[in-house]
Amino acid sequence: MIDLAGSELSTRLFLSLRRSDQRRKAQLYLMGLLAAQGRKSMRNISAALDGADDGATEQSLHHFISSSTWDWRPVRRALVEELTSSWPQHAWVVRALPISKAGNLSVGVDRLFVPHLGQSIHGQLAFGLWFVTGRFSVPVSWRLFLPHDWLRDTERRSRAEIPPTVTPEELDECAVEAALALTDRGGPPRRCPVVLDQVTGRPGPVAAAFGRAGVPFLAGITGRTVLSVADPALPGAGAAALPAEQILQGVRGLRRPVPRSDRGFDRGRISWAAAVPVRVPLGPGDRAAGAEPLHRLSLLGEWEDLDQPPVRLWLSGVPGMPAGPLLRLARTVLGVRRDEETLGRRMGLRDFEGRSFPGWHRHMTLASVACAMSATAAEHRARAENRAQQLSLSA
């Protein structure tokens, strides 16, 4: 079993917990997440801590997660501060996490559409904010999507302890808020871009939200998304708004090769990329509200076959970044997808068995800390082994 009781890092992360017994239980739960095999149920976590458990540890930890009063948000901010201070070269990715559930009592459970799967599940849908380096990625914050039916039902809201400040939002809004929730309180610095790992159907509001927050972003769009070319020297400028795929087909001569070198994914293969300055046209509601057209945006396309249409398209609000670096930024989602399925599954991101809104957030916060502990420890070990190997070769 991994002993974190004396860990300086875990001590710093849990400083916001006012009582010593809360800090001790947080460390115990974290130890259980790291040590338990298989599903991270409360029973398995407790058994991993003391073997033959009489139920006391399980009951104590269940109360700590589901019924205690500690606030998970300062722990998330402390985690972000630790990571950004240790790995300054990073980006952020927002990715939807579908959590299949039986029954209808757990908070947010419904028949829900999952954007990146293109299909619906029965369960919960959450959006995670992932801290991404060139070597690993870990989640640091979460936003649970709550269907309108849940928020209109006062009895279910009360039973699940959903705060009155939680109001209805669409999937794109939930994803954006997952990215921006910590922006002014130790979250994504304004110079570090956020990649939305989903295709947005509302690029205008998404771009406007990131623009107001001063956060650079990259969001997937479809080839049918209508945009206006903003550079008068390019084909399509001055014309009516055009589908994004048509705009990119008109600038095929601007495509440049971009080697794929991201964490071993398709290493050695080549994609081609082109970026075009664009504006997002205003809809009738936007014009009535007096909104201004969104400038300083780019349309990014990726081709795998020069004789075929682009396979992926993004709307970029990262000023001044050429197409090659933009494409490499977009491909950071590949590492997050893999880490979600491996590291995230091992640390129990889908395993919370409780029903309340606060309990879900507390579990996800400590599971995120466990992911960070595991990933950074592995990275430190790899660096130490690499140094030892270099010393051996130079001896």
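The rules behind these values
- Residues numbered from 1 in each chain as written.
- Predicted model: local features only at pLDDT ≥ 70, side-chain atom pairs only at ≥ 80, totals over all residues.
- Heavy atoms only, no water.
- Helix = DSSP H or I, 4+ residues; strand = E, 2+ residues; numbered from the N terminus.
- Buried < 20%, exposed > 50% of the residue type's maximum accessible area, 1.4 Å probe, protein only.
- Core = buried A, V, L, I, M, F, W, Y, C linked by side-chain atoms within 4.5 Å.
- Contact = heavy atoms within 4.5 Å.
- pLDDT = per-residue confidence, 0-100.
- Axes fitted to C-alpha atoms, helices over the stretch in contact; angles between N-to-C directions.
- Parallel < 35°, antiparallel > 145°, perpendicular 65-115°, else oblique.
- Left-handed = near helix turned anticlockwise from the far one by under 90°.
- Nonpolar A, V, L, I, M, F, W, Y, C, P; charged D, E, K, R; others polar.
- Phe/Tyr/Trp six-rings, centres within 6.5 Å; stacked < 30°, edge-to-face > 60°.
- Salt bridge = Lys/Arg side-chain N within 4 Å of Asp/Glu carboxyl O.
- Polar contact = N/O pair within 3.5 Å; in protein donor to acceptor, adjacent residues only side chain to side chain.
- Pairing = 2+ DSSP bridges.

Visitor: Any chance you could explain the overall build of the chain here in plain terms?
Guide: Scanning the chain for helices and strands turns up 14 helices and twelve strands. When the 395 residues of the chain are sorted by exposure, 51% land in the buried category.

Visitor: What's the story with the nonpolar core in this structure? I'm lost.
Guide: Across soluble globular proteins, nonpolar side chains show a tendency to be buried alongside one another. Phe127 and Phe210 are the most contacted members of the largest nonpolar core, which has 119 residues in total. Excluding residues that lie within four positions of it along the chain, Phe127 makes contacts with Val94, Arg95, Ala96, Ser141, Trp142, Arg143, Phe145, Leu171, Cys174, Ala175, Ala178 and Gln198.

Visitor: I tried to follow the confidence of the model for the chain on my own but got confused; where do I start?
Guide: Low pLDDT means the predicted coordinates in that region are not meant to be read closely. For the chain, mean pLDDT is 87; residues scoring 70 or higher make up 88% of the total. Low pLDDT, under 50, characterises residues 1–6; the stretch is placed with 15 contacts to residues that sit more than four places away or in other chains.

Visitor: How should the packing of helix α3 (residues 42–50) against helix α4 (residues 56–66) be read in this particular structure?
Guide: Two quantities define a packed helix pair, namely the angle between the axes and the distance from one axis to the other. α4 packs onto α3 with a crossing angle of 125° between their chain directions and a minimal axis gap of 9 Å. What the angle tells us is that α3 and α4 run oblique. In the crossing of α3 with α4, the sense of the turn from one axis to the other is right-handed. Mapping the contact onto sequence places Met42, Arg43, Ile45, Ser46, Leu49 and Asp50 in α3 and Thr57, Glu58, Leu61, His62 and Ile65 in α4. Here the residues of the contact of α3 with α4 sort into five nonpolar, three polar and three charged.

Visitor: Would you mind going over the packing of helix α2 (residues 20–35) against α3 with me for this structure?
Guide: Relative to each other, α2 and α3 sit at 95°, their axes nearing to 8 Å. Compared by their axis directions, α2 and α3 come out roughly perpendicular. Contacts from Leu28, Tyr29, Met31, Gly32, Leu33 and Ala35 of α2 reach α3 at Met42, Ile45, Ala48 and Leu49. When grouped by side-chain class, the residues that make up the contact of α2 with α3 number nine nonpolar, one polar and no charged.

Visitor: Can you walk me through the environment of His148 in this structure?
Guide: With respect to the helices and strands, His148 occurs in helix α6 (residues 148–152). Look at His148 and you get partly exposed, because its relative accessible area is 27%. Once residues lying within four places of it in the same chain are set aside, the contact partners of His148 are Pro168, Glu169 and Glu170.

Visitor: Sorry, what's going on with unusual backbone geometry here?
Guide: Notably, Glu161 is not glycine yet its phi reads approximately 60°, a positive angle. Checked against the element boundaries, Glu161 lands in the loop between α7 (154–160) and α8 (171–180). Judged by its relative accessible area of 45%, Glu161 is partly exposed.

Visitor: How should I be thinking about the packing of aromatic side chains in this particular structure?
Guide: A ring pair, where both rings are aromatic, is described by two values, the distance of the centres and the angle of the planes. Taken as a whole and assessed by the stated rule, the structure comprises five aromatic pairs. For the pair Trp87 and Phe136, a centre-to-centre distance of 5.1 Å together with 90° between the ring planes defines the contact as edge-to-face. Here Trp87 is found in the loop between α5 (73–86) and β1 (91–100), whereas its partner Phe136 is found in the loop between β3 (119–132) and β4 (137–145), with 49 residues between them in sequence. In this pair, the class of Trp87 matches that of Phe136, namely buried. Consider the rings of Trp92 and Phe131, whose centres lie 5.5 Å apart with planes at 75°: the pair is edge-to-face.

Visitor: Help me understand the environment of Ala126, please; the structure alone is not making it clear to me.
Guide: Mapped onto the secondary structure, Ala126 falls in strand β3. Put simply, Ala126 and Leu97 are 29 residues apart on the chain and 5.1 Å apart in space, counted from C-alpha to C-alpha. Those residues in contact with Ala126, other than ones at most four positions away along the chain, are Arg95, Ala96, Leu97, Trp142, Arg143, Leu144, Phe145 and Trp360.

Visitor: What's the story with the pattern of salt bridges in this structure? I'm lost.
Guide: Side-chain pairs of opposite charge can arise where the charged atoms are in close proximity. Across all of its chains, the model carries 21 salt bridges by this definition. Taking the shortest distance from any N to any O, the salt bridge between Arg73 and Asp71 comes out at 2.9 Å. Judged by its relative accessible area of 30%, Asp71 falls in the partly exposed class. Note that Glu302 is salt-bridged to Arg331, the shortest N-O span being 3.6 Å. Separated by 29 residues along the polypeptide, Glu302 in strand β11 (residues 294–303) and Arg331 in the loop between α12 (323–330) and α13 (333–346) bring together distant segments of the chain. Accessibility classification places Glu302 together with Arg331 in one group, the buried group. Where salt bridges share partners, they join Arg95, Asp197, Arg337, Glu340, Glu341, Arg345 and Arg350 into one cluster.

Visitor: Is there a simple way to think about the side chain of Thr133 in this case?
Guide: Take Thr133: it is sitting in the loop between β3 and β4. When its relative accessible area of 8% is taken as the criterion, Thr133 is described as buried. Polar side-chain contacts of Thr133 include one of 3.0 Å to the backbone nitrogen of Arg135.

Visitor: What is the right way to read the pairing of strand β6 (residues 217–221) from this model?
Guide: Strand residues, when the strand is regular, have side chains that alternate between the two faces of the sheet. Of all the five residues making up β6, five are buried; the element is thus mostly covered by neighbouring parts of the structure. With burial as the criterion, each face of β6 is covered, one bearing Phe217, Ala219 and Ile221 and the other bearing Leu218 and Gly220. Two strands pair when backbone bridges link them, and β6 and strand β12 (residues 312–316) are joined in this way by four bridges, in the antiparallel orientation. Within β12, the residue paired with Gly220 across the bridge is Trp314.

Visitor: What exactly am I supposed to notice about the side chain of Ser316 here?
Guide: Of note, Ser316 is situated in strand β12. Side-chain polar atoms of Ser316 contact the backbone nitrogen of Val318, separated by 3.1 Å. Contact partners of Ser316, with chain neighbours within four places excluded, come to Phe217, Leu218, Arg296, Leu297, Ser298 and Leu326.

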